[in-house]
There are 2 protein chains.
Amino acid sequence: MPNLPSKSLEKAVEEIAKLPGIGKKTALRMALFILKEDELFAKDLATSIASLKLNVKYCKKCHNISDDELCGVCSNPSRDFSTLCIVENMSDVLAIESTGAYKGIYHVLNGVISPLQGITPMDLTIEHLIERVHSEDINEVIFALNASLDGDTTAFFIRQQLENITSLKVTNIARGIPVGGALEFADELTLGRSISERTSL
Amino acid sequence: MPNLPSKSLEKAVEEIAKLPGIGKKTALRMALFILKEDELFAKDLATSIASLKLNVKYCKKCHNISDDELCGVCSNPSRDFSTLCIVENMSDVLAIESTGAYKGIYHVLNGVISPLQGITPMDLTIEHLIERVHSEDINEVIFALNASLDGDTTAFFIRQQLENITSLKVTNIARGIPVGGALEFADELTLGRSISERTSL
C-alpha cells in the first residue's frame, strides 16, 4: 500500500477497509471511484450509511430489523403464529424468507453462545425467546442455526430450557446433500447425515 | 435479492451497491455489518466518505490528489523537474510511486480521449499539459498510458501537439513480459513486442 497523497483519502480508505471482505486496495479503488463521481453520490452514500444505524429499529417480538415496532412478518395476520423458527441473525431471516417455503414466525438470537468469543446466553435474546414460547401459543420450535460447535451448543442450551413444555414439538432443519449437488463431492459428515436421516419417498 | 424489512436498509444497500465491484448481496452483507457494529463506526464511515469529496483538493500543477495547493511530488525539491510522466488517473501515480523507481514529476490527464464515451480532449487536462511542457524546463516526456485503443489515440494526439518542440525527448514505458512471468503464458502481442523492443544486455 503506497503512501496516499491526502489525509482525507487515507482516512476514507481506512474506514472503508473495516467493512467485511474489503482490503486496503479495494477500499482505495472505492475511494477513488467516490472522488470521480459527482458530489451528490458521496452525500447520498454517507447519509444512507449514517441513517442506517440511526433509523433502523428492531421488532420488539422477534428482534428482526424493522421500520416499525413490529416487523413485516410479526404484523402479518396470514402467518402461522404457532410455528417459531430460531435463527442466529437477521440475514438468516432474509435467506429463509426468500425461499417462500416458510409461513411461520421467527426469533432472532443475535448470535450464538461462544465461550471462546466471550458470548454468553445473557448477550443473546434467549431469555425473551423462552418467555415467548411460554406466553405465546406456539406448537413447534424449529432450530435453524448453523451446524457449528457454537450453533449446536446454543441449540442444546435452549432445548434444555424448553424441556418442561411437554406439548412442544422441537425440530431441526434438515441436513443433507444440497439439491443439485453431486454425491461424490459431498463431505463425509454431510453424506453420512443424509443417509442416517433419510426420508421416505 | 429478497424484499428487505426496512426502508433505511434498502436505501443503504442500493447506495453501497453503486460502488465498483459490489453487488446487491455484498452490499447487504456490508449493511448488516454496519448495523451490528456500534454507532461510532457508521458515523465515522459516513463522515469520512462525505468529507472525502468535500476536502480533497487537486494539485494545481499536476492535477494529482492533494491536501494543499501543490501535491507531495510537485512540492518536493529533490524530485527531477525536467522529466514529466503522463498518466491517466491518480491511481496510476500511486502505482508508479510505490515502485520507488521514478524520481520525476507527473501530469494526470483525468482520463483518456474516448469518442465512444464522448470524452474529448477538452474534458481532459491536455491543454494545461501542453502549456506546462512549453513553460516549464522539461527535457523528457514519458507516456505511461494503458495500452488500449483510447490510450494510444490520446498519446498520438498529445505527441502531435508537442512535435514543434525539437529539443524534447518523448518516450513510452516499456511493454514486455512481466518480471517473473512465464513466456508460454504471455499473449502474442506482448511476447511479440518484448522481442521487437528487446534491450541490450
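Residues numbered from 1 in each chain as written. Chains lettered and ligands numbered in written order. Predicted model: local features only at pLDDT ≥ 70, side-chain atom pairs only at ≥ 80, totals over all residues. Heavy atoms only, no water.

**Student:** Any details on the sheet that holds strand β4 (residues 104–108) of chain B? Residues and values, ideally.
**Tutor:** All names here are of chain B. In space, the four strands of this open sheet follow the order β4-β3-β5-β6, with parallel pairing throughout. The outermost strands of the open sheet, each flanked by one partner alone, are β4 and β6 (169–172). Averaged over all pairs of adjacent strands, the angle between strand axes in this sheet comes to 25 degrees, irrespective of strand direction. (Pairing = 2+ DSSP bridges. Helix = DSSP H or I, 4+ residues; strand = E, 2+ residues; numbered from the N terminus. Axes fitted to C-alpha atoms, helices over the stretch in contact; angles between N-to-C directions.)

**Student:** Which residues make up the nonpolar core, and what values go with them?
**Tutor:** Formed by 49 residues in total, the largest nonpolar core has its most connected members in A:Leu9, A:Ile34, B:Leu9, B:Ile16 and B:Ile34. Elements with a contribution of two residues or more to this core: α1 (7–16), α2 (24–36), α3 (39–55) and α4 (90–99) of chain A together with α1 (7–16), α2 (24–36), α3 (39–55) and α4 (90–99) of chain B. Ignoring any residue separated from it by four or fewer positions in sequence, one finds A:Ile34 in contact with A:Ile16, A:Phe41, A:Ala42, A:Leu45, B:Leu19, B:Ile49, B:Leu52 and B:Lys53. Residues A:Ile86, A:Leu129, A:Ile158 and A:Leu168 belong to the second largest nonpolar core, which totals 33 residues. (Core = buried A, V, L, I, M, F, W, Y, C linked by side-chain atoms within 4.5 Å. Buried < 20%, exposed > 50% of the residue type's maximum accessible area, 1.4 Å probe, protein only. Contact = heavy atoms within 4.5 Å.)

**Student:** Please provide a residue-by-residue account of the interface of chain A and chain B, values included.
**Tutor:** Each partner contributes residues to the interface: chain A has 53 residues there, and chain B has 53 residues. Around 4800 Å² of area is buried between chain A and chain B when both sides are counted, 76% of it from carbon and sulfur atoms. It is A:Leu35, A:Lys53 and A:Leu94 in chain A that bury the most area against chain B; as a group they hold 15% of the surface buried on that side. Applying the counting criterion to the chain A and chain B interface returns zero salt bridges. With 14 residues, α3(A) is the single largest residue contributor to the side of chain A that touches chain B. When the residues that make up the side of chain A that touches chain B are grouped by side-chain class, the tally is 29 nonpolar, 12 polar and 12 charged. (Buried area = accessible area lost by both parts, 1.4 Å probe. Salt bridge = Lys/Arg side-chain N within 4 Å of Asp/Glu carboxyl O. Nonpolar A, V, L, I, M, F, W, Y, C, P; charged D, E, K, R; others polar.)

**Student:** Requested: an account of the side chain of B:Ser114, with residues and values cited.
**Tutor:** Relative to the elements of secondary structure, B:Ser114 occurs in the loop between β4 and α5 (126–135). When neighbours within four sequence positions are excluded, B:Ser114 is seen to be in contact with B:Ile119 and B:Asp150.

**Student:** Describe the packing of aromatic side chains, listing the residues and the values that go with them.
**Tutor:** Residues and elements named next belong to chain A. A complete count under the given rule lists four aromatic pairs over all chains for this structure. Summarising the aromatic geometry, the rings of Phe 33 and Phe 41 are spaced 5.8 Å apart at their centres and angled 85 degrees between planes, so their arrangement reads as edge-to-face. Residue Phe 33 is classed as partly exposed on the basis of its relative accessible area of 23%. (Phe/Tyr/Trp six-rings, centres within 6.5 Å; stacked < 30°, edge-to-face > 60°.)

**Student:** Summarise the UniProt feature "domain: Toprim" (unreviewed entry) in chain A; cite the residues concerned and give the values.
**Tutor:** The UniProt record annotates "domain: Toprim" (unreviewed entry) at residues 82–178 of chain A. Its end C-alpha atoms 28 Å apart, residues 82–178 of chain A is made of 35% helix and 20% strand. (UniProt positions renumbered as here; feature names shortened; annotations may be inferred.)

**Student:** Quick rundown of the pairing of strand β6 (residues 169–172) of chain A? Include the residues and the values.
**Tutor:** Residues and elements named next belong to chain A. For strand β5 (residues 140–143) and β6, the ladder comprises four bridges, and the chain directions are parallel. The residue bridging Phe 143 from the neighbouring strand is Asn 172, located in β6. With respect to chirality, the unit in which β5 leads through helix α6 (residues 149–162) into the neighbouring parallel β6 is right-handed. (Right-handed = clockwise from strand over helix to strand, strands pointing away.)

**Student:** For α2(B), give the residues involved together with the corresponding values.
**Tutor:** In an α-helix there are 3.6 residues to a turn, and that puts residues three or four apart on one side. Across its 13 residues, α2(B) extends 18 Å between first and last C-alpha, which sits within 8% of the 18 Å expected from 1.5 Å per residue. B:Ala27, B:Leu28, B:Met30, B:Ala31, B:Leu32, B:Ile34 and B:Leu35 are the residues of α2(B) that are buried. (Expected span 1.5 Å × (residues − 1).)

**Student:** Tell me about the pattern of salt bridges, residues and numbers included.
**Tutor:** By the definition in use, this model includes 14 salt bridges over all chains. The shortest N-O distance in the salt bridge between A:Arg132 and A:Glu136 comes to 2.9 Å. A residue is classified by how much of its surface remains accessible, and A:Arg132, at 2% relative accessible area, is buried. We note a salt bridge from B:Lys60 to B:Glu69, for which the minimum N-O separation is 3.5 Å. The two residues B:Lys60 and B:Glu69 agree in class, both being exposed.

**Student:** An account of the relation of the copies chain A and chain B is requested, with residue identities and associated values reported.
**Tutor:** Superposition record for chain A on chain B: RMSD 0.1 Å, screw rotation 180 degrees, translation along axis 0.0 Å. What the superposition gives is, in effect, a two-fold axis relating one chain to the other. Among all C-alpha atoms of chain A, that of A:Ala46 lies closest to the rotation axis, at 2.1 Å. Mapped onto chain B, 100% of the interface residues of chain A are again interface residues, and the two copies thus contact each other with one and the same surface. (Least-squares fit on C-alpha atoms with pLDDT ≥ 70 in both.)

**Student:** Break down the domain arrangement of chain A for me, citing the residues and quoting the values.
**Tutor:** Along its sequence, chain A is organised into domain 1 (7–55) and domain 2 (69–195). Placing the centre of domain 1 of chain A and that of domain 2 of chain A at their C-alpha centroids yields a distance of 35 Å. (Domains from an automatic or database assignment.)

**Student:** Residue-level account of the packing of helix α5 (residues 126–135) of chain A against α6(A), with values.
**Tutor:** Residue and element names in this part refer to chain A. As a packed pair, α5 and α6 sit with axes 11 Å apart at the nearest point and diverge in direction by 40 degrees. Taken together, the axes of α5 and α6 are oblique relative to one another. Crossing of α5 over α6 shows right-handed handedness. Residue-level contacts link Ile 126, Leu 129, Ile 130 and Val 133 of α5 to Thr 154, Phe 157, Ile 158, Gln 161 and Leu 162 of α6. (Parallel < 35°, antiparallel > 145°, perpendicular 65-115°, else oblique. Left-handed = near helix turned anticlockwise from the far one by under 90°.)

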